[in-house]
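# Architecture at a glance
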Amino acid sequence: MGKRTIIPFGPQHPVLPEPIHLDLVLEDETVVEAIPSIGYIHRGLEKLCEIKDFNQMVYVIERICGICSFGHGWGAVASMEGAMGVQAPERAEYLRTILHELGRVHSHLLWLGLLADGFGFESLFNHCWRIRETVLDLFEKNTGGRVIFSICKVGGMRKDISNENLKEMKEVLEGLKAEIKEITDVFINDASVQNRMVGVGVLTKEEAEELCAVGPVARASGVPQDIRMTDNHGVYGKLGFEPVLEEAGDCMARTVVRIREVFQSIDLISAAIDQIPDGPVDMKVPNKIEGEYITRMEQPRGEAFYYAKGAGTKFLKRMRVRTPTNMNIPAMVKTLAGADLADVPMLVLTIDPCISCTER
Amino acid sequence: MSAYVTKSPWVVHYDGSSCNGCDIEVLACLTPMYDVERFGIINCGNPKHADVFLVTGSVNEQNKGIVKQIYEQMPEPKVVVAVGICACSGGIFKDCYNVLGGVDQVIPVDAYVPGCAARPEAIIDAVVKGLGVLQAKRDAMLEQKPAEEAPAEEAVEETAEAVEEVKEEGGEE
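Since we're looking at a predicted model, the values are computed, not measured.

If you tally the helices and strands in chain B, you get six helices and five strands. For chain B, the N- to C-terminal ordering of α and β elements is α-β-α-β-β-α-β-α-β-α-α. Taken over 173 residues, chain B has a buried fraction of 55%. Pairs at least 24 apart in sequence give 81% of the contacts found in chain B among residues at least 6 apart. Accessible surface for chain B amounts to roughly 7,500 Å². Of this, 51% is attributable to carbon and sulfur atoms.

Set out below in structure tokens:
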């Protein structure tokens, strides 16, 4: 038995754009235990609901995370609409679904790039981000923003997206499929990538269920957990949605789930664009909010939970958000125990950590 | 000697308490669409290799020590760029209980990038502005040996004046 050493990982670390700190307890080269400590990004934005009214709160909640920003905005809006008892027009729900899935494409491509960077494949990282810019151009053209959109509001959308633009979006994304496939085939087939990922950090189905893993982490271990098929969430029911599942539970499976989800999201967007009805995208809503409501969303990283409680005025009494990375940290700590030190960046990255979501 | 630094400035990036929006835009600057690597700008993880410090997000009690530590580890001359409105003033999160304010509460800032999220063009522009300041600081150091401590401990206040101020101070020394 070797001597125990503790290696600090983070908060400023080249592999992570965000600060999280792990104390890695090592015996020789093997991690015995990983002790996470968080709190570097905590802002306390839920408390802002006392001084910002519910319309402004949507923009605050959207800024929980710059990667899944549309999803957070939608989650906040859905919980507030639920508390008011209003239902946004159908076209608005379609547009939200389309933009949310587009956000998933952008988020997963971004993550694939970071993963490639994590195992030292610099050119693959740059290719992923090159493709992602096309998606960001679509966002910029249709919403005005590259990463923060502020287009979702209580009662609908701030502006419509014309049918011509939607058609163009569909064409661009269908054209992008071949390019994405070329890149993702490298992840799946390249021997050096396989060496880094196959069999590394296995999370069994039982462990995933026990540790309440969510999103792609759970689905890579064979847990059929996807809010898009369970809850009354957007228009997924009309698009014939089936969750992507993998059985192996290792780093490779988590990557393959996200790769397949990129293609699935493009298909969902195309299906939604084919079906989208004409009509208004906005409706009048009461200017005070009372009652309470809970809603769940499937963010790119997994299940997110939103709770809004109105104060009977234009302010909320309480706004609570629980984000997917929060739920996946126990799974990450579990896979870290017993791993090689050199695999730590891979294991941290494959849960797709979003620390600013976690700490809010 | 001075020519080399301004031709290939290396940056180190730290996320204060940003929402990731500015962070991914910082990374987007390095990737093929904007590709600042063609100018020799490299994002390195080690503060001791870096000339430019990009900070996104505001500071809080937990991370102010780390921001300070990274800044102190960087060799002179160095430049700090505050990326995004949160790093400039706290932005939309200014009123949050755990937000102290802009990065200039803790370390002197040389260039400010507005925007939520800051656009890559604006970030590149600020880094280029920062290089001017870096050059001025380096000239001042070369003129005066042994090198004096960099201009000011206290925060630089106005956005527009910040760059000019440092340049002037550099010139006088």
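Working definition: two side chains of opposite charge can pair if their charged atoms are close together. Residue and element names in this part refer to chain A. In total, this model carries 35 salt bridges over all chains according to the counting rule given. Salt-bridge contacts for Glu 93 lead to Arg 96; the nearest nitrogen and oxygen are separated by 3.2 Å. Residue Glu 93 and its partner Arg 96 are both found in helix α3 (residues 90–118); the two are separated by three residues, about one turn of the helix. Residue Glu 93 is classed as buried on the basis of its relative accessible area, which comes to 11%. When its relative accessible area of 0% is taken as the criterion, Arg 96 is described as buried. Salt bridges sharing partners connect three or more residues here, namely Glu 101, Arg 104, Arg 219, Asp 226, Arg 228, Glu 261 and Glu 298.

With that settled, the discussion passes to unusual backbone geometry. All names here are of chain B. Here the bond from Glu 76 into Pro 77 is cis, since omega is -10°, no more than 30 degrees from zero. Structurally, the position occupied by Pro 77 is in the loop between α3 (64–73) and β4 (79–83). A cis geometry characterises the amide bond from Cys 116 onward to Ala 117, with omega recorded as -10°. With respect to the helices and strands, Ala 117 occurs in the loop between β5 (111–113) and α5 (120–143). The phi torsion at Asn 20 lies on the positive side, around 90°, for a residue other than glycine.

The next point concerns the interface of chain A and chain B. Many structure descriptions define interface size as the accessible area lost when the parts assemble. Chain A puts 41 residues into the contact, and the matching count from chain B is 38 residues. In total, chain A and chain B occlude about 3,200 Å² of area from one another, counting both sides; carbon and sulfur atoms represent 63% of this. Contact with chain B buries area across many residues of chain A, yet A:Gln12, A:Tyr40 and A:Arg43 alone supply 22% of it, more than any other trio. If you look at where chain A meets chain B, you find two salt bridges. Between B:Arg119 and A:Glu140 there is a salt bridge; the shortest N-O distance is 3.0 Å. There are 11 residue pairs in polar contact (both at pLDDT 80 or more) connecting chain A and chain B. Mapped onto the side of chain A that touches chain B, the elements with two or more residues apiece are α1 (54–62), α3 and α4 (122–143) of chain A. The greatest single-element share of the side of chain A that touches chain B, amounting to eight residues, is contributed by α4(A). For the side of chain A that touches chain B, the class distribution of residues is 22 nonpolar, eight polar and 11 charged.

Below, the discussion takes up the confidence of the model for chain B. Residue and element names in this part refer to chain B. In this model, chain B carries a mean pLDDT of 78, and residues with pLDDT of at least 70 account for 80%. Across chain B, the element-wise mean pLDDT spans from 50 in helix α6 (residues 159–172) up to 91 in β4. Between residues 152–160, whose pLDDT stays under 50, and residues either more than four places distant or in other chains, the model counts 13 contacts.

This part is about the state of the cysteines. Residue and element names in this part refer to chain A. Following the criterion strictly, the structure yields zero disulfides over all chains and no others. Summary of cysteine pairing: Cys 152 is not part of a disulfide, and the nearest cysteine sulfur, belonging to Cys 68, is at 14 Å. Judged by its relative accessible area of 4%, Cys 152 is buried. Cys 357 supplies the cysteine sulfur nearest to Cys 354, a cysteine that is in no disulfide, at a spacing of 3.2 Å. Note on Cys 354: relative accessible area 0%, which makes it buried.

Residues and elements named next belong to chain A. Here the largest pocket defines a volume of roughly 500 Å³. Along the wall of the largest pocket there are 26 residues; nearest its centre are Gln 87, Glu 93, Asn 232, His 233 and Gly 234. Put simply, the parts of the chain that give the lining of the largest pocket at least two residues each are α2 (69–84), α3, α9 (227–230) and β6 (292–299). Per-class residue counts for the lining of the largest pocket are 11 nonpolar, seven polar and eight charged.

Note: strands within a sheet are paired through backbone hydrogen bonds, in either parallel or antiparallel orientation. Residue and element names in this part refer to chain A. Reading across the sheet, the three strands line up as β1-β2-β3 and stay open at both edges, with antiparallel pairing between neighbours. Each edge of the open sheet is held by one strand with a lone partner, namely β1 (4–9) and β3 (30–37). Put simply, the sheet's adjacent strands are angled 20° from each other on average, direction ignored. Pairing between β1 and strand β2 (residues 21–27): six bridges, direction antiparallel. Note that in β2 the partner of Ile 6 across the bridge is Val 25. Helix α11 (residues 324–336) contacts β2 and β3 of the sheet and is inclined by roughly 155° relative to β3.

Rules used in this analysis
Residues numbered from 1 in each chain as written. Chains lettered and ligands numbered in written order. Predicted model: local features only at pLDDT ≥ 70, side-chain atom pairs only at ≥ 80, totals over all residues. Heavy atoms only, no water. Helix = DSSP H or I, 4+ residues; strand = E, 2+ residues; numbered from the N terminus. Buried < 20%, exposed > 50% of the residue type's maximum accessible area, 1.4 Å probe, protein only. Contact = heavy atoms within 4.5 Å. Areas by Shrake-Rupley, 256 points an atom, 1.4 Å probe, with all protein chains shown as cover. Salt bridge = Lys/Arg side-chain N within 4 Å of Asp/Glu carboxyl O. Buried area = accessible area lost by both parts, 1.4 Å probe. Polar contact = N/O pair within 3.5 Å; in protein donor to acceptor, adjacent residues only side chain to side chain. Nonpolar A, V, L, I, M, F, W, Y, C, P; charged D, E, K, R; others polar. pLDDT = per-residue confidence, 0-100. Disulfide = S-S within 2.5 Å. 1 Å grid on protein atoms, 1.4 Å probe; cavity = no way out; pocket = protein on both sides within 12 Å on 5 of 7 lines; lining within 4 Å. Points joined across faces, edges and corners; volume = space filled by probe spheres on them. Pairing = 2+ DSSP bridges. Axes fitted to C-alpha atoms, helices over the stretch in contact; angles between N-to-C directions.

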